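Here are the chains, one letter per residue:
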Amino acid sequence: MDSLLKPDIGLMFWTIVNFLLLAFLLAKFAWKPLMNALDAREKQIAEDVAGAHKAREDAETIKKQVEKTLADTAMESSNRIKEASQAGEQQRQAIIAQAKDEAQNLINQAKAEIEAETQKAIEAVKKEVVDTTMLAARKVIGKEADKAANEKLIEDLLKDIKVK
């Protein structure tokens, strides 16, 4: 058992030679491709991260543009609704004013017609009164007097009575 604990110079020499040879071979053939693969992987990850940041910035820009467009559209819609409401109110006021004018015209026309008909009726009543009075006077007197004088007399009488 003692031989296991005693250092053997030959074994140590060959172990160091094997280690150095293995390290050299690994450095020559395995280390460079491994480092190149790690560098390529690191570069790819950096590009992906940069792409993700760029995509995020683009998404934020697009989001802001969409929000601005929505706000502009909402404002434009609100303005159009307000304009339509004002136009409707103006049209309503115009229709009301026109209806009032037409109603006033109809009232004035009806008053004029009533006044004309009243005057016609008064004239007809006057004529009838004159004719009736003349007839009564003829019957009472028994003769026909001057028609013009009789009419003048009846007109004066009617004015005194103030028939209207």
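Every value quoted in this text rests on a predicted model; they were computed, and no experiment measured them.

Rules of the game
Numbers given for residues are sequential positions, taken from 1 along each chain in its written order. Selection of residues for local features in this predicted model requires a pLDDT of at least 70, selection of side-chain atom pairs for listing and counting requires 80 or more, and totals for whole chains, interfaces and linings are taken over all residues. The side-chain numbers reported here are obtained from all heavy atoms of the structure, hydrogens and water having been left aside. The helix count covers DSSP runs of H or I at least four residues long, the strand count covers runs of E at least two residues long, and both are numbered beginning at the N terminus. Think of it in three bands: with a 1.4 Å probe and only protein chains considered, a residue is buried below 20% of the maximum accessible area for its type, exposed above 50%, and partly exposed in between. What sets the accessible areas is the Shrake-Rupley method with a 1.4 Å probe; for residues, cover comes only from the shown protein chains. A pair is scored as a salt bridge if a Lys or Arg side-chain nitrogen falls within 4 Å of a carboxyl oxygen belonging to Asp or Glu. Stacked, tilted and edge-to-face are the three classes applied to pairs of Phe, Tyr and Trp rings, where Trp contributes its six-membered ring and a pair requires centres within 6.5 Å; stacked means planes under 30 degrees apart, edge-to-face means over 60, and tilted covers the rest. Each patch is assembled from residues with relative accessible area greater than 30% and no salt bridge, linking like charges that lie within 9 Å and nonpolar side chains (Val, Leu, Ile, Met, Phe, Trp, Tyr) that lie within 5 Å. Here pLDDT means the predictor's own confidence in every residue, given as a number from 0 to 100.

Participant: Lay out the overall build of the protein chain with the relevant residues and their values.
Facilitator: The helix and strand inventory of the protein chain stands at three helices and zero strands. Reading the secondary structure of the protein chain in the N-to-C direction produces α-α-α. Looking at the protein chain as a whole, 4% of its 164 residues qualify as buried. Taken as a whole, the protein chain presents about 14800 Å² of accessible surface, with 63% of it coming from carbon and sulfur.

Participant: With reference to specific residues and values, describe the pattern of salt bridges.
Facilitator: One pass over the structure, following the stated rule, counts five salt bridges. One salt bridge connects Asp58 with Lys54, and the closest N-O pair in it is separated by 3.3 Å. Taken together, the residues span about one helical turn, with Asp58 and Lys54 both in helix α2 (residues 9-141) at a distance of four residues. Take Asp58: its relative accessible area is 34%, and that puts it in the partly exposed class. Note on Lys54: relative accessible area 48%, which makes it partly exposed. Measuring nitrogen to oxygen at the nearest pair gives 2.9 Å for the salt bridge that ties Glu76 to Arg80. One end of the pair is Glu76 and the other is Arg80, both in helix α2 and four residues apart, which spans about a single turn. On the basis of relative accessibility, which here comes to 42%, the residue Glu76 falls in the partly exposed class.

Participant: Residues and numbers for the packing of aromatic side chains, please.
Facilitator: All chains considered together, the criterion is met by one aromatic pair. Aromatic pair Phe13 and Trp14: ring centres 5.2 Å apart, planes at 75 degrees, arrangement edge-to-face. Accessibility expressed as a relative area gives 48% for Phe13, which makes it partly exposed. Given the relative accessible area of 53%, Trp14 is considered exposed.

Participant: How would you explain a nonpolar patch on the surface if you had to name every residue and give the values?
Facilitator: A cluster of nonpolar side chains, namely Leu21, Phe24, Leu25 and Phe29, defines an oily patch on the protein surface of about 430 Å² accessible area. Structurally, Leu25 can be placed in helix α2.

Participant: So what about the confidence of the model for the protein chain? Which residues, and what values?
Facilitator: Caution applies to low-pLDDT regions: their predicted coordinates should not be interpreted in detail. Mean pLDDT over the protein chain works out to 85, with 87% of the residues at or above the 70 mark. Taken element by element, the predicted model of the protein chain shows its lowest mean pLDDT in helix α1 (residues 2-5) (67) and its highest in α2 (90).

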